[in-house]
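Listed here are the chains, written in short residue letters.
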Amino acid sequence: MATLSPERIYDLLGTCHIPGTEEQKAKLFIRISELSALNGEKWIRENREQLLDQWNDILQQGLLT
């Protein structure tokens with residue numbers, strides 16, 4: 001499975017303002033690519049607010065370095 005481009009991820013999530021370091025965002029991009037392959041791009045769009053909220057929670061809790 002290929003990782004989607006950052007531009008595609010930004011489009012699916014509806015924003016290019018995603019917090020985190022470049023390394024952290026690279027991990028997010030891999031996960032979003034996986035979810036897209038499993039559930040489809042429509043699912044990502046429908047759940048993007050929840051996905052972004054979860055991403056912010058992960059960063060705030062320091063679960064990702």
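Residues numbered from 1 in each chain as written. Predicted model: local features only at pLDDT ≥ 70, side-chain atom pairs only at ≥ 80, totals over all residues. Heavy atoms only, no water.

Enquirer: Hey, could you run me through the layout of surface pockets in this one?
Expert: Any empty space left between the atoms is revealed when a probe the size of a water molecule rolls over them. Roughly 160 Å³ of internal volume is contained in the largest pocket. Surrounding the largest pocket, K27, L28, R31, I32, L35, L51, Q54, W55, I58 and L64 form its lining. Secondary structure elements with two or more residues in the lining of the largest pocket: helix 2 (22-39) and helix 4 (48-60). Taken together, the residues of the lining of the largest pocket sort by class into seven nonpolar, one polar and two charged. (1 Å grid on protein atoms, 1.4 Å probe; cavity = no way out; pocket = protein on both sides within 12 Å on 5 of 7 lines; lining within 4 Å. Points joined across faces, edges and corners; volume = space filled by probe spheres on them. Helix = DSSP H or I, 4+ residues; strand = E, 2+ residues; numbered from the N terminus. Nonpolar A, V, L, I, M, F, W, Y, C, P; charged D, E, K, R; others polar.)

Enquirer: How do you make sense of helix 4 when you look at a structure like this?
Expert: Along an α-helix, residues three or four positions apart point the same way, because every turn accommodates 3.6 residues. Compared with the 18 Å implied by 1.5 Å per residue over 13 residues, the 18 Å span of helix 4 between its first and last C-alpha is a close match. For helix 4, the full list of buried residues reads L51, L52 and W55. Here the buried residues of helix 4 occupy an arc of 95° about the axis, which is enough to place them on one side. Exposed and facing more than 90 degrees away from the buried side of helix 4 are E49 and Q60. Close packing links the buried residues of helix 4 with helix 1 (6-13), helix 2 and helix 3 (41-46). (Expected span 1.5 Å × (residues − 1). Buried < 20%, exposed > 50% of the residue type's maximum accessible area, 1.4 Å probe, protein only. Arc of directions from axis to C-beta. Contact = heavy atoms within 4.5 Å.)

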